[in-house]
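A closer look at the structure
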Amino acid sequence: MPRKGMRSLLPSHFSFRHHDGRSPAPPSPPQQQQSSSATMMEGKVTAVEAIITKWDPDASSFAKITSLFYEDRAEARRFLLAVSDLHHAMLDFVSDKGNLVSGSDTLVLAQNLMQAAMRRLEKEFYQILSANRDRLDPESVSARSSGSSVSDAEDDAGGSPDDDIRVAGESIGDVELAATVAMADLHAIAETMISAGYGKECFRIYKILRKSIIDECLYRLGFEKLSPSQIQKLDWESLDSKIRTWLGASRVAVKTLFSGERKLLDHVFSGSDSIREACFADIARDAAVQFLSFPELVAKSKRSPEKMFRILELYDAIAELWPEIDPVFSFESTSAVPTQALNSLVKLGEAARASIADFEAAMQKDTSKSPIPGGGIHPLTRHSMDFVAWLADYDAALADIFADSSVHVPSALPEIFLDTSQASAPPSPAPSSAASTFNYEENPGYPVAVRLARLILVLLCKLNDKAELYREVSLSYLFLANNLQYIVNKVRGSTRLRHLLGEEWAAQHAAKARQYASNFERLGWSKVAAAIPAGEVGPAEMRERMRTFHAGLEEACRNQAEWVVADAGLREEARAAVRGMILPAYRGFYEKCRAVLGDSAVVRFSPEDVRSRLSEVFSGSDGSEAYSGNRTGYGSVSGESKSSSWSSR
């Protein structure tokens, strides 16, 4: 018959002695001939009585203050074997119904000895857990479990804990050895108590001591339990500090604290799945649910621009830890933990999508009406591209967040914005309507690329509106060239953004920026160039043309000295283009004037003088950072806040 705890096999008029030693006295049965199991029972009782009585904590002061496993490990092993032998003898005894009448005195004595043994083992179990609190911290257990476990070593050594300890002592240090000894002892005690029907007592002791360790470790990691109302009341600085603390603690909490506790418990109670599950649920479930609910509370709090990247970091953290969370909390009774992790991911994803929508709406609502001096880079461009580039750094999280949502592209989105060839996306034609929907299952990053391209498109549309604020058409083109080139540089300067949008996208937009610059050069300098005659003219017209050229050159240089070409490469290209428009034609005109007019005062500038003047244009400083226009509500997402965000990653 299968082995069961004695409590399930004794008849109703028998019971284990209470821990104070009391036991009801059964009636004296009539004398009958003893069975072989009764004889074996008496022999086992006689054999184990001395060692069990010696270590009964209620029997002597010595046993009360002395640790069996610390005092004499060999005797501790004999004690466990004695208890196991007694237990088996009692099982055999009660399986023979004839013994229930004839051998009750022997059974009562055995029962009393078993209860004394359990008192001893309860005490030892408590003492070992308490004395090895630091050695059995989850970090140490988790680290040791990455190698061969104690159970594996026991199997390799033929099932002997002492052999396992001896083998372990040859390869590890004193602290690890002490922890290995403690784990082996706890396992042996738990197995003995559970087989004797005392699993609940063992469970109670373990739960009391280990639950406090979980709570203490989370406290030491800086985690603070907060209600939704408390989260809502926190200012951003306080909430950001708590998010950074949680991010720093998350890996330790899941991969070390909860994982290590599960591994320790799996070893100690390896013989009982039900006790392992119940114990781990009582110890870790509530703490883990509270810990993993924090990101959900943050996601449900009021949205703000600076919170966007923290939300993505929280999402990244939980997604990274999911492969650990699911197996550690695999019991049915701990299913609330992975459920909470998934709920947090869902809410963080919803918050991220809503924040990106808020960002797009804020760009569209920008109402600044003052043109940027010199056609420089608009603050809207800087802040928007910072935001887009930072979003690209979280492309893995965003791909997850948008994985189950279709991508709707407005009809105004040119095909060039859909070029993500560098991200291995399949070629797509330009959409024909706002309802166009694509399936991007084969490339999870493609929806992210389209969304970022859409945000840039919204920015370009706003910049086009702002270009119309300039009175001079040439300055409008310069403004567009500057801002589009800045966008291209930002894309190329971000590894992730360049990967998502593709180099072809960047090259085509750079070409568009040069086209804007060419239009600016043509409109800004055509009047000066037109003053130089294309053919032969008489002396009078020659003088007039030279005066017109000098006046136009001075006016253009004076006006455009403060105009801005922010990109150094584009600036040199613009200067070279203007020189190409002016200098070759002027050089020929200058030589003709010298030949016809001599050293007339009307010929004021030599070709080298003109070259020198042209080298001074487009030298204005880009004052857009000091621009006081409306920053659309999301401009507060500064480089400082993002860099602090990166510090926790």
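The rules we used
Residues numbered from 1 in each chain as written. Predicted model: local features only at pLDDT ≥ 70, side-chain atom pairs only at ≥ 80, totals over all residues. Heavy atoms only, no water. Helix = DSSP H or I, 4+ residues; strand = E, 2+ residues; numbered from the N terminus. Buried < 20%, exposed > 50% of the residue type's maximum accessible area, 1.4 Å probe, protein only. Contact = heavy atoms within 4.5 Å. Areas by Shrake-Rupley, 256 points an atom, 1.4 Å probe, with all protein chains shown as cover. Phe/Tyr/Trp six-rings, centres within 6.5 Å; stacked < 30°, edge-to-face > 60°. Lys NZ or Arg CZ within 6 Å of the ring centre and 35° of its normal. pLDDT = per-residue confidence, 0-100. Axes fitted to C-alpha atoms, helices over the stretch in contact; angles between N-to-C directions. Parallel < 35°, antiparallel > 145°, perpendicular 65-115°, else oblique. Left-handed = near helix turned anticlockwise from the far one by under 90°. Nonpolar A, V, L, I, M, F, W, Y, C, P; charged D, E, K, R; others polar. 1 Å grid on protein atoms, 1.4 Å probe; cavity = no way out; pocket = protein on both sides within 12 Å on 5 of 7 lines; lining within 4 Å. Points joined across faces, edges and corners; volume = space filled by probe spheres on them. Salt bridge = Lys/Arg side-chain N within 4 Å of Asp/Glu carboxyl O. Polar contact = N/O pair within 3.5 Å; in protein donor to acceptor, adjacent residues only side chain to side chain. Expected span 1.5 Å × (residues − 1).

We now examine the overall build of the protein chain. Assigned secondary structure in the protein chain consists of 26 helices and two strands. Within the protein chain, the fraction of its 649 residues that count as buried is 49%. In the protein chain, 81% of the contacts between residues at least 6 apart in sequence involve partners at least 24 apart. Entry remark: accessible area of the protein chain is about 29,500 Å², with carbon and sulfur atoms responsible for 50%.

Turning next to the packing of aromatic side chains. Applying the stated rule across the entire model yields 19 aromatic pairs. Between the aromatic rings of Trp55 and Phe62, the centroid separation amounts to 5.4 Å while the plane-to-plane angle is 45°, which identifies the pairing as tilted. Using a relative accessible area of 1% as the deciding quantity, one classes Trp55 as buried. Its relative accessible area of 40% is what places Phe62 among the partly exposed residues. Between the aromatic rings of Phe359 and Phe387, the centroid separation amounts to 3.9 Å while the plane-to-plane angle is 15°, which identifies the pairing as stacked. Of the two residues, Phe359 sits in helix H16 (residues 336-364) while Phe387 sits in helix H17 (residues 379-392), which places them 28 residues apart along the sequence. An aromatic cluster of three or more residues is present, and its members are Phe309, Phe359, Phe387, Trp390 and Tyr394. For the cation-ring pair, Arg262 lies above Phe280, with the distance from its terminal atom to the ring centre recorded as 5.8 Å.

This part covers the confidence of the model for the protein chain. For the protein chain, per-residue confidence averages 79 on the pLDDT scale, and residues scoring 70 or more make up 76% of the total. With pLDDT under 50 throughout, residues 1-33 is counted as low confidence; its partners more than four residues away or in other chains account for 67 contacts. Taken as a whole, residues 147-159 scores under 50 in pLDDT and shows 16 contacts with residues more than four places along the chain or in a different chain.

Before going further, it helps to examine the environment of Val388. Following the sequence through the fold, Val388 ends up in helix H17. Residue Val388 is classed as buried on the basis of its relative accessible area of 2%. As a C-alpha pair, Val388 and Ala453 span 65 residues in sequence and 9.0 Å in three-dimensional space. Here Val388 is in contact with Phe359, Leu452, Leu455, Ile456 and Leu497, once residues within four sequence places are set aside.

Interaxial distance between helix H19 (residues 446-467) and helix H20 (residues 473-493) falls to 9 Å at its minimum, and their mutual angle equals 160°. What the angle tells us is that H19 and H20 run roughly antiparallel. As H19 packs across H20, the resulting crossing turns out to be right-handed. Where H19 abuts H20, its residues Ile456, Leu459, Leu460, Leu463, Asn464, Lys466 and Ala467 lie against Ser476, Phe479, Leu480, Asn483, Leu484, Ile487 and Val491. By residue class, the composition of the contact of H19 with H20 is ten nonpolar, three polar and one charged.

The next point concerns the packing of helix H13 (residues 236-268) against helix H14 (residues 273-300). Pairs of packed helices are described in terms of their axes, by the angle between the two and the distance that separates them. Where H13 meets H14, the axes come as close as 11 Å, and the angle between the chain directions of the two elements is 165°. Judged on the interaxial angle alone, H14 and H13 are roughly antiparallel. In this structure, the crossing between H13 and H14 has a hand that is left-handed. In this structure, H13 uses Leu239, Lys242, Ile243, Trp246, Ala249, Ser250, Ala253, Phe258, Glu261, Arg262, Leu265 and Asp266 to contact H14, whose residues at the interface are Arg276, Cys279, Phe280, Ile283, Ala284, Ala287, Ala288, Phe291, Leu292, Phe294, Pro295 and Val298. Grouping the constituent residues of the contact of H13 with H14 by class yields 18 nonpolar, one polar and five charged.

So, on to empty space enclosed by the protein. Evaluation of the coordinates by the stated rule reveals one cavity of 30 Å³ or more. Looking at the largest cavity, the residues that line it are Ile356, Leu391, Leu398, Phe402, Val448, Arg451, Leu452 and Leu455. Per element, the largest residue contribution to the lining of the largest cavity is four residues, and it comes from H19. For the lining of the largest cavity, the residue count by class is seven nonpolar, no polar and one charged.

As a further point, take the environment of Ala561. The residue Ala561 is located in the loop between helix H23 (539-560) and helix H24 (568-597) in this model. Measuring from C-alpha to C-alpha, the distance between Ala561 and Leu614 comes to 9.2 Å, with 53 residues separating the pair along the chain.

Attention shifts here to the pattern of salt bridges. One pass over the full model with this rule turns up 34 salt bridges. With a shortest N-O distance of 3.0 Å, Glu360 and Arg454 are connected by a salt bridge. Of this pair, Glu360 sits in helix H16 while Arg454 sits in helix H19; the two residues are 94 residues apart in sequence, bridging distant segments of the chain. The partly exposed category is assigned to Arg454, whose relative accessible area is 25%. Each of Asp240, Arg244, Arg310 and Glu313 takes part in one network of salt bridges that share partners.

A word on the side chain of Asp366. By secondary structure assignment, the location of Asp366 is in the loop between H16 and H17. At 2.8 Å, the side chain of Asp366 and the side chain of Ser368 are in polar contact.

Along the polypeptide, Asp235 turns up in the loop between helix H12 (228-233) and H13. Here Asp235 falls in the partly exposed class, since its relative accessible area comes to 47%. A polar atom in the side chain of Asp235 sits 2.8 Å from the backbone nitrogen of Ser238.

All right, on to the side chain of Arg575 then. When you line up the elements, Arg575 lands in helix H24. Under the relative-accessibility criterion, Arg575 is labelled buried at 11%. Within the structure, Arg575 has its side chain in polar contact with the side chain of Glu572 (distance 3.2 Å).

Here the focus is H24. Since there are 3.6 residues in each turn of an α-helix, residues three or four apart along the chain are aligned in direction. The end-to-end C-alpha distance of H24, which contains 30 residues, comes to 40 Å, matching closely the 44 Å that a straight helix rising 1.5 Å per residue would cover. Here H24 has its buried residues at Leu570, Ala574, Arg575, Val578, Ile582, Leu583, Tyr586, Phe589, Tyr590, Cys593 and Leu597. Where the residues of H24 are buried, they touch H20, helix H22 (503-530), H23 and helix H25 (607-614). In the stretch just after H24, Gly598 is the one whose phi turns positive, near 70°.

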